[in-house]
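# Structural overview for review
Each chain is listed here by its residues.
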Amino acid sequence: MEENRAVDRRSGCGLLSVMFGRRGLWSKKPTTADNGSQKSTSTAATTTSNIQFTKSPGSELKKPRDDQKVSAEPIQNNKIQNQNQRSVVPSKPSSNQYPNNHQLGLYDHQQQQQRSSYNNNSSNVDPYRGGGQRKVPREAIGLSGELENMITDHQKARGTNGLVRASSSNVMLYGNLGNLNQTGPLAGSNYGNSNGYGVKKTTTVAAAPVTTKSQDQSGSLCRAISTRMDPETLKIMGNEDYKSGNFAEALALYDAAIAIDPNKAAYRSNKSAALTALGRILDAVFECREAIRIEPHYHRAHHRLGNLYLRLGEVEKSIYHFKHSGPEADREDIAKAKTVQTHLNKCTEAKRLRDWNGLITETTNTISVGADAAPQVYALQAEALLKTHRHQEADDALSKCPVFDVDTSTRYYGPVGFAGFLVVRAQVHLASGRFDEAVEAIQRAGKLDGNNREVIMVSRRAQAVTEARLRGNELFKAGRFQEACAAYGEGLDNDPRNSVLLCNRAACRSKLGQFDKSIEDCTAALSVRPGYGKARLRRADCNCKIGKWELAVGDYEILRKETPEDEQVTRGLSEAQQQLMKRRGQDS
């Protein structure tokens, strides 16, 4: 029996048949010359015993039930056999090329003996050759067939074929796994490496925008297919993307590897590196923590976590993990952490003494020596700048702080800790004239720490200033300049150095012919925000109206450097210069 058995031709897997068409599912056994004298029953049994089923990776064998058995057409002679062999697509890979697929000939030989009585009574028409109407039930298809149906449903929902061939037995959805470069309507990627893992470069068409439901379907399908891949392959592909600077793609691949094997510390550590490169420092900390939980003596994860804590200003935690990083440890790392701790202590002392200028200096030093992602340090610096009435610098300082997700920040710092940061942010928004953002930030802080006195005070001030500004704007638009001026004044009672309210009140006073008072308001606004162009332009205009041409020329020249394309500034400067020259000529 074994001498007559030949290596079967493998059928195409269920996933590839979606892209390249269904191929024959029955293997053909080469036989010696057939004299045609064999009986149909014995021939059918012999032929059926050599039929082999191809098992796709990850699928499980399901024994056919009695109501699902399909008879095989007996081979009558060499002519019929040759015709059937020509129907199979040539250049089929050999079975040893894909070691993950299993041949089940022995199992089929045992089962066919039990089916011989059924085969004698069944039709000789092979349903897979189009001659019959019988179909294999869904239950007998297996995982490969289920994935094929999932792909078909997904294509119908999306209206396009968004699949790309990743390897001989895996298909990925274009745009869902991050190993594909998506730089245009046509995209492809080639991942070759010395380990033998690779993805063939394939041209695909970018998928059209889909609804949330379709996205959920594609996500579940991608997860179903990605489980058929080796997580180490995904990690290697992620490493290649990381080295190339494609951090988002690398992150997606590490996520896919973790989905398959969530208890591998190296995947978590690599994901942490990708998150760090994307600026998601807090998420990177959580992944490093998980890697160390899985493998407590993972030195590289300890060292990476130590660096992250140092950037966040968590010096004690940083030193702890540096000491547990084994060969990764470096004396310079611990020395750097101690330097950061020294400056942080000075920051604490300066705030206690209300030495705002000293606090500005020490926070700047703390950031420069390593704590460049610590929100509390940036908040201290912005607070000190607000106290010294340097609103524009406070806004610039806080804008350099990494932006973290609200939920992630609350999870890391706790509700009370993050509420303190939001209080400073609300004050900076308010001083810069972003009233809606200020109200939103302080309301969020109130939800996190509603009993904080500072939160309550800032909330009341933000509400009063915002309402006064809205009321003043409505009165100004109605031409009621005196009332608008009073409304802005009420807002300034709550925030005396608010540059926007000062500039708006200056506009009202200019309309009322109170040019000197308008200039005073503009000057006060510029003292806290030197780059406030609207206040400078209004002051230049008022100086022109009272004949102070030299002062007007000075403001216009500054504006022209900042906005050289502004025609209003160009005309104002030209007019002021001409008037200044006339006055000097008359004086001479």
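What counts, and where the lines are drawn
Residues numbered from 1 in each chain as written. Predicted model: local features only at pLDDT ≥ 70, side-chain atom pairs only at ≥ 80, totals over all residues. Heavy atoms only, no water. Helix = DSSP H or I, 4+ residues; strand = E, 2+ residues; numbered from the N terminus. Buried < 20%, exposed > 50% of the residue type's maximum accessible area, 1.4 Å probe, protein only. Contact = heavy atoms within 4.5 Å. Areas by Shrake-Rupley, 256 points an atom, 1.4 Å probe, with all protein chains shown as cover. UniProt positions renumbered as here; feature names shortened; annotations may be inferred. Salt bridge = Lys/Arg side-chain N within 4 Å of Asp/Glu carboxyl O. Core = buried A, V, L, I, M, F, W, Y, C linked by side-chain atoms within 4.5 Å. Axes fitted to C-alpha atoms, helices over the stretch in contact; angles between N-to-C directions. Parallel < 35°, antiparallel > 145°, perpendicular 65-115°, else oblique. Left-handed = near helix turned anticlockwise from the far one by under 90°. Nonpolar A, V, L, I, M, F, W, Y, C, P; charged D, E, K, R; others polar. Arc of directions from axis to C-beta. Expected span 1.5 Å × (residues − 1). Phe/Tyr/Trp six-rings, centres within 6.5 Å; stacked < 30°, edge-to-face > 60°. Lys NZ or Arg CZ within 6 Å of the ring centre and 35° of its normal.

As recorded by an unreviewed UniProt entry, the chain carries the name Inactive TPR repeat-containing thioredoxin TTL3 and is attributed to Cardamine amara subsp. amara.

With that settled, the discussion passes to the overall build of the chain. The helix and strand tally for the chain stands at 25 helices and six strands. When the 588 residues of the chain are sorted by exposure, 43% land in the buried category. Put simply, of all contacts in the chain between residues at least 6 apart along the chain, 61% involve residues at least 24 apart. Taken as a whole, the chain presents about 31,700 Å² of accessible surface, with 47% of it coming from carbon and sulfur.

Per the UniProt record, "repeat: TPR" (unreviewed entry) is annotated on residues 231–264 and 419–452. With 79% helix and 0% strand, residues 419–452 has its two end C-alpha atoms placed 9 Å apart.

Here the focus is the pattern of salt bridges. This structure, assessed with the given rule, holds 22 salt bridges. Between Glu232 and Lys264 there is a salt bridge whose closest N-O contact spans 2.9 Å. A residue pair is termed long-range when its members are at least 10 positions apart, and Glu232 in helix 7 (residues 231–243) and Lys264 in the loop between helix 8 (247–260) and helix 9 (265–277) qualify at 32 residues. For Asp372, the salt bridge is made with Arg311, and the minimal N-O distance between the two is 2.9 Å. Here Asp372 is found in the loop between helix 14 (356–369) and helix 15 (375–387), whereas its partner Arg311 is found in helix 11 (residues 299–311), with 61 residues between them in sequence. Assessed through its relative accessible area of 31%, Asp372 is described here as partly exposed. For Arg311, a relative accessible area of 27% gives the class partly exposed.

If you look at the biggest cluster of nonpolar residues, it comprises 40 residues, and the most contacted ones within it are Leu359, Val428, Ile442 and Ala445. Listed by contribution, the elements that provide at least two residues to this core are helix 12 (315–323), helix 13 (331–352), helix 14, helix 15, helix 16 (391–399), helix 17 (406–431), helix 18 (435–448) and helix 19 (453–477). The leading source of residues in this core is helix 17, at nine residues. Discounting chain neighbours no more than four positions away, the residues touching Leu359 are Cys347, Ala350, Lys351, Leu380 and Ala384. Judged by nonpolar contacts, the second largest core, of 24 residues, contains Ala250, Ala266, Cys288 and Phe404.

Moving on, we get to the environment of Asp541. Assignment of secondary structure puts Asp541 in helix 23 (residues 533–545). For Asp541 and Gly572, which are 31 residues apart along the polypeptide, the C-alpha to C-alpha distance reads 8.0 Å.

Interaxial distance between helix 20 (residues 481–494) and helix 21 (residues 499–511) falls to 9 Å at its minimum, and their mutual angle equals 155°. Between helix 20 and helix 21, the angle falls in the class roughly antiparallel. Crossing of helix 20 over helix 21 shows left-handed handedness. Counted together, Phe481, Ala484, Cys485, Tyr488, Gly489, Gly491 and Leu492 of helix 20 and Leu501, Leu502, Asn504, Arg505, Cys508, Arg509 and Lys511 of helix 21 form the full contact between these two elements. The residue inventory of the contact of helix 20 with helix 21, partitioned by class, reads eight nonpolar, three polar and three charged.

Attention now moves to the side chain of Arg536. Inspection of the secondary structure puts Arg536 in helix 23. Looking at Arg536, the relative accessible area reads 10%, which means it is buried. If we skip the residues at most four places from it in the chain, Arg536 touches Leu526, Pro530, Asp555, Ile558 and Leu559.

For helix 12, every residue scored as buried is listed here: Val315, Ser318, Ile319, His321 and Phe322. In an axial view of helix 12, the angular spread of the buried residues amounts to 165°, which keeps them on one side of the axis. Within helix 12, the exposed residues directed more than 90 degrees away from the buried face are Glu316 and Lys323. Looking at the buried positions of helix 12, the neighbouring elements they touch are helix 10 (281–294), helix 11 and helix 13.

Okay, helix 8 next. Look at helix 8: 20 Å from first C-alpha to last across 14 residues, which is about the 20 Å you get at 1.5 Å a residue. Every buried residue of helix 8 is accounted for by Ala250, Leu251, Leu253, Tyr254, Ala256, Ala257 and Ile258.

Before going further, it helps to spend a moment on the environment of Gln463. By the secondary structure assignment, Gln463 is in helix 19. With relative accessibility at 29%, the residue Gln463 sits in the partly exposed group. Between the alpha carbons of Gln463 and Asp436 there is a distance of 9.5 Å; along the sequence they are 27 residues apart. In this view, Gln463 contacts Val439 and Gln443; residues no more than four positions away in its chain are not counted.

To continue, consider unusual backbone geometry. The backbone phi angle of Arg354 is positive, close to 55°, even though this residue is not glycine. The exposed category is assigned to Arg354, whose relative accessible area is 54%.

Attention now moves to the packing of aromatic side chains. Applying the stated criterion to the full structure yields five aromatic pairs. An angle of 65° between the planes, with centres 5.3 Å apart, marks the rings of Tyr242 and Phe247 as edge-to-face. Here Tyr242 falls in the partly exposed class, since its relative accessible area comes to 31%. By relative accessible area, which is 25% here, Phe247 ends up partly exposed. The rings of Phe286, Tyr412 and Tyr413 are connected pair by pair, giving a single aromatic cluster. We note Arg411 situated over the ring of Phe286; from NZ or CZ to the ring centre the distance is 3.7 Å. The residue whose ring lies beneath Arg529 is Tyr532, and the NZ or CZ to ring-centre distance is 4.4 Å.

Tracing the backbone through its elements, the reader meets Thr366 in helix 14. Accessibility expressed as a relative area gives 0% for Thr366, which makes it buried. Discounting chain neighbours no more than four positions away, the residues touching Thr366 are Val340, His343, Leu344, Cys347, Ala371 and Val377.

Interaxial distance between helix 10 and helix 11 falls to 9 Å at its minimum, and their mutual angle equals 150°. When the axes of helix 10 and helix 11 are compared, the pair comes out roughly antiparallel. The element helix 10 and its partner helix 11 pack so that their crossing is left-handed. Facing Ile281, Ala284, Val285, Cys288, Arg289, Ala291 and Ile292 of helix 10, the residues of helix 11 in contact are Ala301, His302, Arg304, Leu305, Leu308, Tyr309 and Arg311. Considered class by class, the residues forming the contact of helix 10 with helix 11 number ten nonpolar, one polar and three charged.

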